[in-house]
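One letter stands for each residue in the lines below.
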Amino acid sequence: MIGEGLTVATMKISVLGKFSIEYNGNVVADDLNRSRKMWNLLAFIVMNHNSAITQSRFIDSLWSDDNNNPINALKTQLFRTREMLKPLELDGEGCILSSRGAYSWNPDYEIILDAEVFEELIHDAENASLPVQDKINKYLEAIKLYKGDFIPKLSGEVWTIPISARYHSIYLDAVKKLCVLLEDENDSETIIKVILKAIEIDNLDEKLHCILITAYIRCDRYKDALEHYDSATNILYRNLGVNPSEELRALYSQIMDTQKSLETDLAIIQE
């Protein structure tokens, strides 16, 4: 354990969009060419950093079918994972402790986990008594942290699927709530920036496309609105086999009506 009186810097861990650990300026990230099982093991410990994890839980959750001797395989992977973390220059026993057949995160290493901060900011933003601008700022800070879905490198692992789906849902819900607030403030330019990023993360959510087209119309960017309508309808049909919804078709009609009105006004001016 770390000796008394020693100051330990906070460890920053990111799991949204990429898996990385930063400590005292040293970084270990999942773009390193290391075994997927090691990243999987480390991520599982990080996401359970408030509790001890038994050997049986590790084996059941991570690789029960992969090895005839899973306990030895677990011990081997833990050793290799600790070796992988050496560039962080950790003190004492490092950040993974073992005791009586269970493993846990070393509480001497306080961590800031982006996913937890992300949730806290959204929880704060949903406080009914918070002023509108403060709500907007909390949402903006939260979605800035969401650089992508939960550890894409581990997207095929069974235990990550519900976690990834949950954070993805929280993100989309926060984006839509933020856009309602921004619309009330007539801030369509910020809506456009927020939604363009959200569509990069999920281009199959039709509501996002509707919000973006509406914002383009409010900014008199009819060419962009029409181009995005065509792009959105193609994406939705190609991937989901669905035709434009009533809401999308209504936006298309609004674009066409406005363009006809502008053309009429221009003709009158020319005459």
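Residues numbered from 1 in each chain as written. Predicted model: local features only at pLDDT ≥ 70, side-chain atom pairs only at ≥ 80, totals over all residues. Heavy atoms only, no water.

**Student:** Explanation requested: the state of the cysteines in the structure shown.
**Tutor:** What we call a disulfide is simply a covalent bond connecting the sulfur atoms of a pair of cysteines. Tallied over the entire structure, the rule returns 0 disulfides. This cysteine, C210, is not joined by any disulfide, and C179 carries the nearest cysteine sulfur, 12 Å off. Not engaged in a disulfide, the cysteine C219 finds its nearest cysteine sulfur in C179; these two sulfurs lie 12 Å apart. (Disulfide = S-S within 2.5 Å.)

**Student:** Explain the sheet that holds strand β5 (residues 96-99) to me, please; I cannot follow it from the model alone.
**Tutor:** Picture the strands of a sheet paired through backbone hydrogen bonds; they go either parallel or antiparallel. Overall, antiparallel pairing links the 3 strands, which are arranged β4-β6-β5 in an open sheet. The open sheet terminates on both sides in strands that have one partner only, identified here as β4 (53-54) and β5. In this structure, β4 lies alongside strand β6 (residues 102-105), joined through 2 bridges in antiparallel fashion. Across the sheet, I53 pairs through a bridge with Y103, a residue of β6. (Pairing = 2+ DSSP bridges. Helix = DSSP H or I, 4+ residues; strand = E, 2+ residues; numbered from the N terminus.)

**Student:** Would you mind going over unusual backbone geometry with me for this structure?
**Tutor:** Most peptide bonds take the trans form, and the phi angle of most residues other than glycine is negative. Of note in this structure, I151 is not a glycine but carries a positive phi near 30°. Position of I151 among the secondary structure elements: in the loop between α5 (132-145) and α6 (160-184). One non-glycine residue with positive phi stands out, namely D220, at about 60°. Tracing the backbone shows D220 in the loop between α8 (206-218) and α9 (222-240).

**Student:** Where do I start with the pairing of strand β3 (residues 26-29) in this structure?
**Tutor:** The side chains of a regular strand alternate, residue by residue, between the two faces of the sheet. Sheet topology note: the strand β2 (residues 20-23)/β3 ladder contains 4 bridges and is antiparallel. The residue bridging I21 from the neighbouring strand is V28, located in β3. Counting the residues that bridge the hairpin from β2 to β3 gives 2 residues, and of these N24 lies at a positive phi of roughly 55°.

**Student:** Sorry if this is basic, but what is going on with the sheet that holds β3 here?
**Tutor:** Strands sit in the order β3-β2-β1-β7 across an open sheet of 4 strands; the sheet is mixed. Looking at strand neighbours, the two that pair on one side only are β3 and β7 (111-113), the edges of this open sheet. Neighbour-to-neighbour, the strand axes of this sheet turn through a mean angle of 15°, independent of strand direction. Note that strand β1 (residues 11-14) and β7 share 3 bridges and pair parallel. Bridging across to β7, M11 finds its partner in I111. Along the sheet, helix α4 (residues 114-125) makes contact with β1 and β7, crossing β7 at roughly 65°. (Axes fitted to C-alpha atoms, helices over the stretch in contact; angles between N-to-C directions. Contact = heavy atoms within 4.5 Å.)

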